[in-house]
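Examining the three-dimensional arrangement
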Amino acid sequence: MTKGSIKQTTMALSGNEAVAWAIKQCDVDVVAAYPITPQTIIVEKFAEFVANGEVDTEFIAVESEHSALSACVGAAAAGARAFTATASQGLALMWEIVYIASSLRLPIVMAIVNRALSAPINIHCDHSDSMGCRDAGWIQMYVEDAQEVYDTIIQAFRIAEHPEVQLPVMVMLDGFFLSHTLQNVNILPDNIVKEFVGVRKPVEIEVPYAGKVPLMLNPEKPITFGPLDLYDYYFEHKMQQEEAIERSREVIKQVNEEYAKLSGRKYGDGFIDTYAVEDADVAIIVLGSAAGTVKYVAKELRKEGMNVGVIRLRTFRPFPYKELVEALKGVKVVGVMDRSMSFGGYGGPVFLELRAVFYDAPERPVIVDYVYGLGGRDAPPSMIRKIYDELLEIKKTGKVEKILKFMGVRE
Amino acid sequence: MKVQKVVSLAELKGWREIPIAGIPWKLSTEFKTGDWRTFRPVIDQSKCVKCMICWIYCPDMAITWDGEKISVNYDYCKGCGICAKECPKKAIEMVEEVR
């Protein structure tokens, strides 16, 4: 990738180390985390920075993930910039606090190292953990490589803390495929990142008994976080969350642009990253590290004269429906690759969302779903090629054998 | 004790008018919680030695001291009975509310 005018240092980092480096540079006040495979190295590496005195972050070694996110909620409510990271069962244990963090409008950033959920216990990658909390009111971004996770964590603080947003952000990286794989990562200078993220400034709210007060726990100007809210006002507060995540659309794009100017690295429009989709007849939509393989196969097929394209969905929440309809204009057949199940549903989460969007679109492509890679099952180029072959066949014949298929599973 | 007016949902504020994050914009003292009570504490002033133990234990700060005698603020007392239980002189009796 091209570099901007700022001198960057290239380091061989795993995805997890790239997260730790981003956190180190983002001037984070509080990190509370509990180690879990495959996220452990984030916590381990960051603890090393703390022990070496390289950061002045308050590092809280908690006894569970429930406590990790609870500590972040407390810290963020006190006005601190807070970070945590987890995976799979850890996220499952955080569950009730996940909703509380977004409802209390706390701009926490959390890295999720995607891992399958038990049972049977499995430490490898799929997206069922983060997809499970897709309706928890967090902004959710999936990255393709270690460089992107470094860049996205830095962007996440800007998005979360934007006065118009004030919502937590989850940054997803694929367990092992990204978390444990070394890659050359370009690191910006400390002062540049520090300047880019700035210092967290709590927003002001207006309350009749005290006037304008900062939205934070402050003994000088006390307010109550988390009181009871029944049928009379709960719905109104949910509307505010909906409005905030809608407003984040513009912010995600702006931050992506601004960061591109700084670093020379840009991830599509911040929402979707496309490859050869403009004149494509068929396209695959995919999230995370598998996008690299899909692009590789698409490139090969292009050489063979087939009009195939790729859309990598980077931001899943808020869902980029307008962008997807626009990008898929002219595409006849779309294959969605879902790395998680929606048991008993009509298809996987990405498929369901995309299908619903196209119900009202002027041109409706055929959309089929491929659930793949559960529990870390490999998604080799041969499998991707098979998907493209099927999509091209559907385009040719107009016949869809099955709307939902499971790829790479033994019969 | 005044009975609070029943407000219809249509009279309440809209979502653009209230602070974000579920932060209350009214003080808790505006919510008179005394009507939750089933038993009310009644102080026998002749037995009371003004030790203030009831004042310390009351979880709702509903025991008041005016410089001369202890009394109960029935707007907020939920009738939990802790004061009666803790009173060393048995000066507080819990009497059933009859409305």
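Owing to the predicted nature of the structure, the values given are computational and were not obtained by experimental measurement. Within each chain, residues carry numbers counting from 1 in the order of the written sequence. Chains carry letters from A onward and ligands carry numbers from 1 onward, assigned in written order. Local features are withheld for residues below a pLDDT of 70 in this predicted model, meaning they are given only at 70 or higher, and side-chain atom pairs are given and counted only at 80 or more; totals for whole chains, interfaces and linings count all residues.

**A closer look at the overall build of chain B**
We count a stretch as a helix when DSSP gives it H or I for four or more residues in a row; a strand needs E for two or more, and each element gets its number in order from the N terminus. The helix and strand tally for chain B stands at two helices and four strands. Each helix and strand of chain B, ordered N terminal to C terminal, gives the series β-α-β-β-α-β. Our radius of gyration is a C-alpha quantity, and the globule rule it is checked against amounts to 2.2 Å times the number of residues to the power 0.38. On C-alpha atoms alone, chain B measures out to a radius of gyration of 17 Å, which is more than a quarter above the 13 Å that the 2.2 N^0.38 rule sets for 99 residues. Counting only C-alpha atoms, chain B reaches 55 × 30 × 20 Å along its principal axes. Residues with at least 20 other C-beta atoms within 10 Å of their own are called buried, those with 12 or fewer are called exposed, and the rest are partly exposed. The C-beta atoms themselves are positioned from the backbone. Counting the 99 residues in chain B, one finds 20% classified as buried. The long-range fraction of contacts in chain B, counting pairs at least 24 apart against all pairs at least 6 apart in sequence, stands at 70%. C-beta atoms are first placed from the backbone for all residues, and any pair lying within 7 Å is then listed as a contact.

**Here's the deal with the nonpolar core**
The term nonpolar core refers to a group of buried residues, namely Ala, Val, Leu, Ile, Met, Phe, Trp, Tyr and Cys, whose C-beta atoms join them within 7 Å. Core analysis: the biggest nonpolar cluster contains 134 residues, and Cys 72, Ile 153, Val 171, Ala 283 and Ile 285 of chain A have the highest contact counts within it. No other element matches helix 6 (residues 146-161) of chain A, which puts nine residues into this core. Domain assignment of the residues forming this core places at least three in each of domain 1 (9-202 + 243-263) and domain 2 (272-407) of chain A. Judged by nonpolar contacts, the second largest core, of twelve residues, contains Ala 62, Ile 63, Ile 70 and Val 72 of chain B. Segmentation into domains, and thus their bounds, comes from an automatic or database assignment.

**Re the interface of chain B and chain A**
On the chain A side, the residues contacting the 13 residues of chain B number 22 residues. Residue type decides the class: Asp, Glu, Lys and Arg count as charged, Ala, Val, Leu, Ile, Met, Phe, Trp, Tyr, Cys and Pro as nonpolar, and the leftover types, Gly among them, as polar. The class makeup of the residues in the side of chain B that touches chain A is eleven nonpolar, two polar and no charged.

**Quick notes on the packing of helix 3 (residues 65-77) of chain A against helix 4 (residues 88-103) of chain A**
Between two packed helices, both the angle of their axes relative to each other and the distance between the axes serve to describe the pair. All names here are of chain A. Between helix 3 and helix 4, the least distance of the axes is 7 Å, while the angle of their chain directions is 25°. The pairing of helix 3 with helix 4 is recorded here as roughly parallel in orientation. The interaxial crossing formed by helix 3 with helix 4 has right-handed handedness. Side by side, helix 3 and helix 4 meet where Glu 65, His 66, Leu 69, Ser 70 and Val 73 of the first sit next to Gly 90, Leu 93, Met 94, Ile 97, Val 98, Ile 100 and Ala 101 of the second. Of the residues that constitute the contact of helix 3 with helix 4, the class distribution is eight nonpolar, three polar and one charged. Only the contacting stretch of a helix is used when fitting its axis, a line to C-alpha atoms as for every element, and angles between N-to-C directions run 0 to 180 degrees. Between 65 and 115 degrees an angle is taken as roughly perpendicular, under 35 as roughly parallel, over 145 as roughly antiparallel, and anywhere else as oblique. If you view the pair so one helix is near and one far, a crossing is left-handed when the near helix is turned anticlockwise from the far one by less than a right angle, and right-handed when it is turned clockwise.

**Quick word on helix 8 (residues 234-263) of chain A**
All names here are of chain A. Residue count minus one, scaled by 1.5 Å, sets the expected span of a helix. Taking 1.5 Å as the rise per residue, helix 8 with 30 residues should run 44 Å; its terminal C-alpha atoms sit 42 Å apart, in good agreement. To get the bend at any residue, fit one axis to the seven residues that end at it and another to the seven that begin at it, then take the angle between the two axes. The largest bend in helix 8 comes to about 30°, at Arg 249. Taken together, the buried positions of helix 8 are occupied by His 237, Ala 244, Ser 248, Val 251, Ile 252, Val 255, Asn 256, Tyr 259 and Ser 263. One or two residues past the end of helix 8 sits Gly 264, with phi positive at roughly 80°.

**Details of the environment of Ala 283 of chain A**
All names here are of chain A. As for its placement among the helices and strands, Ala 283 is situated in strand 12 (residues 282-286). A count of 29 C-beta atoms within 10 Å places Ala 283 in the buried class. On a C-alpha basis, the gap between Ala 283 and Ile 311 in space is 7.1 Å, while along the polypeptide they are 28 residues apart. When sequence neighbours within four positions are dropped, the list of residues in contact with Ala 283 reads Val 277, Val 308, Gly 309, Val 310, Ile 311, Leu 328, Val 331 and Val 334.

**Description of the environment of Lys 329 of chain A**
All names here are of chain A. Following the sequence through the fold, Lys 329 ends up in the loop between helix 10 (321-327) and strand 15 (333-338). You can call Lys 329 exposed: it has 12 C-beta atoms within 10 Å. Once the C-alpha coordinates of Lys 329 and Val 277 are considered, the two residues, 52 residues apart in sequence, prove to be 9.0 Å apart.

**With respect to the sheet that holds strand 17 (residues 404-407) of chain A**
All names here are of chain A. Spatially, 11-13-12-15-16-17 is the arrangement adopted by the six strands of the open sheet, whose pairing is mixed. The open sheet has two edge strands with one neighbour each: strand 11 (272-275) and strand 17. On average, each strand axis in the sheet is inclined to that of its neighbour by 20°, with strand direction left out of account. Sheet analysis places strand 12 next to strand 13 (residues 308-313), joined by five bridges and oriented parallel. Paired with Val 286 across the strands is Arg 312, a residue of strand 13. One bridge is not enough; two strands pair if DSSP finds at least two bridges between them.

**Describing the environment of Val 30 of chain A**
Residue and element names in this part refer to chain A. For Val 30, the location among the structural elements is in strand 2 (residues 30-33). Taking the C-alpha atoms as reference points, Val 30 and Gly 74, 44 residues apart in sequence, are found 10.0 Å from one another. With near-sequence residues (within four places) excluded, Val 30 lies in contact with Thr 57, Glu 58, Ile 60, Cys 72, Ala 75, Ala 80 and Ala 82.

**Focus on the packing of helix 6 of chain A against helix 8 of chain A**
Residues and elements named next belong to chain A. Running from amino to carboxyl end, helix 6 crosses helix 8 at an angle of 130°, the nearest separation of the two axes being 10 Å. As judged from the angle between their axes, helix 6 and helix 8 are oblique. Between helix 6 and helix 8 lies a crossing of right-handed hand. Contacts between helix 6 and helix 8 involve Asp 151, Gln 155, Arg 158 and Ile 159 on the former and, on the latter, Ser 248, Val 251, Ile 252, Val 255, Asn 256, Tyr 259 and Ser 263. Residues of the contact of helix 6 with helix 8, tallied by class, amount to five nonpolar, four polar and two charged.

**A closer look at the pairing of strand 5 (residues 109-114) of chain A**
If a strand is regular, its side chains alternate between the two faces of the sheet. All names here are of chain A. Counted residue by residue, strand 5 has six buried out of six residues, so it is predominantly covered. Along strand 5, one buried face is formed by Val 109, Ala 111 and Val 113 and the opposite face, lined by Met 110, Ile 112 and Asn 114, is buried too. Two strands pair when backbone bridges link them, and strand 4 (residues 82-86) and strand 5 are joined in this way by four bridges, in the parallel orientation. The residue of strand 5 that forms the bridge with Phe 83 is Val 109. Orient the strands so they point away from the viewer, and a crossover whose first-strand-to-second-strand path over the helix runs clockwise is right-handed. Chirality of the crossover, the property in question, places the unit of strand 4, helix 4 and strand 5 among those that are right-handed. Across six bridges, strand 5 lies against strand 7 (residues 169-174) in parallel orientation. Bridged to Ala 111 within strand 7 is Val 171.

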